[in-house]
Amino acid sequence: MKKFFYLMIISGLQGILVSCGGANAKSSNQNTVYPKEVDSIDLKVNALLARMTLEEKIGQMNQYNGFWDVTGPVPSEGDAAHKYEHLKKGLVGSMLNVKGVKEVREVQKIAVEETRLGIPLIIGFDVIHGYKTISPIPLAEAASWDLEAIKLSAQVAAEEAAASGINWTFAPMVDISRDARWGRVMEGAGEDPYLATLIAVARVQGFQGDDLSLANTIAACAKHFVGYGFAEAGKDYNTVDVGTLTLYNVLLPPFKAAKEAGVRTFMNAFNELNGIPATGSTFLQRDILKGEWGFDGFMVTDWGSINEMIAHRYAENRRQAAEFAINAGADMDMESYAFVNELASLVKDGCVDESLIDDAVKRILRVKYELGLFDDPYKYLNETVEKEVIGSKRIQDAVLDMAKKSIVLLKNENNILPLKKNGQKIALIGALANDKTSPLGSWRIAADDETAISVLEGMQAYTGNTLIYEKGADVVTGETLFPKELTLNISDKSGFSAAVTAAENADVVVMVLGEHGLNSGEGRSRSEIGLTGVQQELLETVYKANKNIVLVLNNGRPLTIEWADEHIPAIVEGWHLGTQSGHAIAQVLYGDYNPSGKLPMTFPKNVGQVPIYYNHKSTGRPLDPGQGEVFWSHYTDVSNAPLYPFGYGLSYTSFGYSDLKVEVVSNDKVTVSVKLTNTGDVKGKEVAQLYLRDEFASVTRPVRELKGFELVELNPKESKIITFTLSHAELGFYDNNGKYIVEPGTFSVFVGGSSDATLTSKFELK
Ligand code: BGC
């Protein structure tokens, strides 16, 4: 009873008891409503709004999943019929998962030509890493640290999707995560807020371009607001409980940057944050996003997340969930059927202020105007363009380029890589080496199965060597998860002996192992994060036959590969690289492309170290050898060090850092310069990284934080002076009130090719 209060409303002749949410049904304050009229779009939006009935307004806030074979017969019963009726009555503002010019035109035509006001639909789709032509998973792209390439990747994805009738992508996912067990780490930019922030901006710019009204740009969506990547124990949809410092310094920055880059939509999240489901959080949606940050686009809910507030045991029923969601600042309901069924009566009963509906609808209409949908609702619907653009050479080239840039060389003892191009016998082993679907990764709903270039095909393009392929063993696929995996014989070792024979007869063995593309992603959390099935055993068995192994990993998350790191001479992180995967990997293996990727997420030694991340805090119990070995912050069975730190990655050449100079120009400007030299024999690229440590502060600060990087290409023996500038944005932090401050004191800088860089200097800020 303390949570809710009840209103008695007299309706007609009957007195009825109506419940309105209480404590958290805060209505918006002045600065959270849509900014006042400033341009002609606002005038148009207002004019249209004035003509809309309450039901029509609520219809704009309703988004349905594609619900029938739109080019087939009209459904007469079931859910689909109901949705179809709503579409015809103008009670649907958006649809998702309708794709292809023909299908989109069918639904758009109903909205535009058959409803009273003819308001066009906005068509959404998860264009996460490519559309039909698939680019590397976002975590892999982040490993490139190449913002221009990442922007281009988003741009070509937008172009391909737009050519298929899509107006809006539910990307980028900008959730930070420190837990490799979480399946959706594949969809983000890793663990670091600085890198993730720059990547968020690049992706938003890539999708949206400079002019949203062009037919080859689409609206982007920063998701999932907020905390979704901090699910307890890495279990998808699980509880999130984070303190203010982590919220403001780690989780919010990429979202804020996306807003500042002009992202037109946000998506809220399935998770609760500190006791309030994100979908019902006024603090997040109204106070921070629409209030403090002044966001003027719209907030879509995550799939069914209004209803999930009931499962969270926060709302008692759908009506109350709808009330909480709208009052908290959600503008569009994805698949909860809550707004369309409940909002009108909530308004009539005085539980929801109609001004909040008006505000939500204005935001949605504004984005539709910006996309140019009112000028021409069919502008994205051109079969000739669709045919020309989808899968075009230009797009294939862009995803191949991105794939090569995403590869990280983790180990290369005795220069076993690059492979020689002639006269070698190579054994290629592993189910993933011959898989044309797995490289497409997890979010590839518009792509066709079997359309990726496999590693086998990529290597077959190099004809100077003898190549023998053996599967060895199967991998666990996402489609065969528990309990179905019990019926799949993933423990089958019958392929081992052929693999061993191939290895025995080879000069070099290339093994492609890891996890299937559908074994990471949404709902694909894992409690063990090693090679799946019997692949580890396969690796160890083949190793006994031939130690000259190049291990190519295919995976959507950091894996625990400590044994491989100890024994296998060369390890290449090949992620899930998309349509051109096999070509990219082969070009790196053969040295036609010198890898320069750096890990965007720490690789743990074992799963017990997780969450493990480089920008952690100090403790009161660091190792003090003088005090003995037991009572300090550590494990007794594994060291505190990761297997591979954040920012780590090798090249076929080597780099040296020297001449570190720090100059405090003013209290708001510190310059750090360093000399970077290519000390090896081939041309290569290096990501020079700058880390900062605020030694003492009013709240404890991380041991180091990335505050600058530069991707530099150098010829052998060539040097370059790199200069980083630190100013207000890099020197400060958010305090426990969410206020950004810069404090005087001593700072340390570390510069090098990974987060464990040792070249260091100090400066004082007065
Ligand atoms: C995911 C979102 C996605 C939506 C629509 C949800 O399950 O969490 O990220 O955009 O589905 O497909």
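None of these values were measured; they are calculated from a predicted model.

Parameters at a glance
- Residues numbered from 1 in each chain as written.
- Predicted model: local features only at pLDDT ≥ 70, side-chain atom pairs only at ≥ 80, totals over all residues.
- Heavy atoms only, no water.
- Axes fitted to C-alpha atoms, helices over the stretch in contact; angles between N-to-C directions.
- Helix = DSSP H or I, 4+ residues; strand = E, 2+ residues; numbered from the N terminus.
- Left-handed = near helix turned anticlockwise from the far one by under 90°.
- Contact = heavy atoms within 4.5 Å.
- Pairing = 2+ DSSP bridges.
- Buried < 20%, exposed > 50% of the residue type's maximum accessible area, 1.4 Å probe, protein only.
- Near = heavy atom within 4 Å.
- Polar contact = N/O pair within 3.5 Å; in protein donor to acceptor, adjacent residues only side chain to side chain.
- Areas by Shrake-Rupley, 256 points an atom, 1.4 Å probe, with all protein chains shown as cover.
- Nonpolar A, V, L, I, M, F, W, Y, C, P; charged D, E, K, R; others polar.
- Bend = angle between axes of the 7 residues up to and from the residue.
- Salt bridge = Lys/Arg side-chain N within 4 Å of Asp/Glu carboxyl O.

Trainee: Any details on the packing of helix α6 (residues 147-163) against helix α7 (residues 193-208)? Residues and values, ideally.
Mentor: Between two packed helices, both the angle of their axes relative to each other and the distance between the axes serve to describe the pair. One way to put it is that α6 packs onto α7 with a least axis distance of 7 Å and a crossing angle of 35°. Considering only the axes of α6 and α7, their crossing is right-handed. Two secondary-structure elements touch here, α6 through Leu147, Ile150, Lys151, Ala154, Gln155, Ala157 and Ala158 and α7 through Leu198, Ile199, Ala202, Arg203, Gln205, Gly206 and Phe207.

Trainee: I'd like to hear about the sheet that holds strand β26 (residues 745-752), residue by residue, with values.
Mentor: The antiparallel open sheet is built from 4 strands, whose spatial order is β22-β21-β26-β27. With partners counted over all chains shown, the strands left at the sheet margins are β22 (705-714) and β27 (759-765), one partner each. Within the sheet, the average angular offset between the axes of one strand and its neighbour, ignoring direction, is 20°. When strand β21 (residues 684-694) meets β26, the two strands line up antiparallel, connected through 6 bridges. In the sheet register, Leu692 faces β26, and the bridge partner there is Val749.

Trainee: Summarise the pairing of β22; cite the residues concerned and give the values.
Mentor: The element β22 is extensively covered by neighbouring structure, given that 7 of its 10 residues are classed as buried. When β21 meets β22, the two strands line up antiparallel, connected through 9 bridges. Its bridge partner being in β22, Ala688 is matched across the sheet by Glu710.

Trainee: Give a detailed account of the site of the ligand, specifying residues and quantitative values.
Mentor: By nearness alone, 13 residues border the ligand, and Asp126, Arg184, Lys223, His224 and Asp302 come closest of all. Between Glu522 and the ligand, the recorded distance is 2.9 Å, taken from a side-chain N or O atom to an oxygen atom. Protein contacts shield 93% of the accessible area of the ligand, which totals 310 Å² for the unbound molecule. The residue inventory of the shell around the ligand, partitioned by class, reads 7 nonpolar, 1 polar and 5 charged.

Trainee: Any details on helix α8 (residues 244-260)? Residues and values, ideally.
Mentor: Along its length, α8 shows its largest kink, about 60°, at Leu252, and proline Pro253 lies within four residues downstream of that point. Taken as a whole, α8 has its buried residues at Leu245, Leu247, Tyr248, Asn249, Val250, Leu251, Leu252, Pro254, Phe255, Ala257 and Ala258. On its buried face, α8 is in contact with α7, β7 (221-225), β8 (265-268), β9 (272-273), α9 (282-292) and β24 (733-734). Phi turns positive one or two residues past the end of α8, at Gly262, with a value near 90°.

Trainee: Report on the environment of Tyr469, specifying residues and quantitative values.
Mentor: Within the secondary structure layout, Tyr469 lies in strand β15 (residues 466-470). Accessibility expressed as a relative area gives 22% for Tyr469, which makes it partly exposed. The spatial distance from the C-alpha of Tyr469 to the C-alpha of Ala338 is 54 Å, given a sequence separation of 131 residues. For Tyr469, the side chain forms a polar contact with the main-chain oxygen of Gly430, separated by 2.8 Å.

Trainee: Before we move on, can you summarise the sheet that holds strand β6 (residues 168-169) with the specific residues and values?
Mentor: On the basis of which strands lie adjacent, the open sheet formed by 5 strands has the order β6-β5-β4-β3-β12 and parallel pairing. Every other strand in the sheet has two partners, leaving β6 and β12 (333-334) as the edge strands with one partner each.

Trainee: Can you tell me about the environment of Arg701, naming the residues and giving the values?
Mentor: Of note, Arg701 is situated in the loop between β21 and β22. Sequence-wise, Arg701 and Ala189 are 512 residues apart; in three dimensions their C-alpha atoms are separated by 22 Å. Look past the residues within four positions of Arg701 in its chain and what remains in contact with it is Lys617, Asp694, Gly732 and Phe733. Among the polar contacts listed, one links the side chain of Arg701 to the side chain of Glu705, at a separation of 2.8 Å.

Trainee: Got a sec to walk through the pattern of salt bridges? Specific residues and values, please.
Mentor: Summed over the entire model, instances satisfying the criterion amount to 42 salt bridges. Residues Glu260 and Lys256 are paired through a salt bridge, measuring 3.3 Å at the closest nitrogen-oxygen approach. Placement of the pair is Glu260 and Lys256 together in helix α8, with a separation of 4 residues, close to one helical turn. Here Arg363 makes a salt bridge to Asp359, at a shortest N to O gap of 3.2 Å. You can see Arg363 and its partner Asp359 sitting in helix α13 (residues 354-370), 4 residues apart, about one turn around the helix. Just as Arg363 is buried, Asp359 falls in that class too. Taken together, the salt bridges that share partners define one network made up of Asp42, Arg264, Asp296, Arg366 and Glu370.

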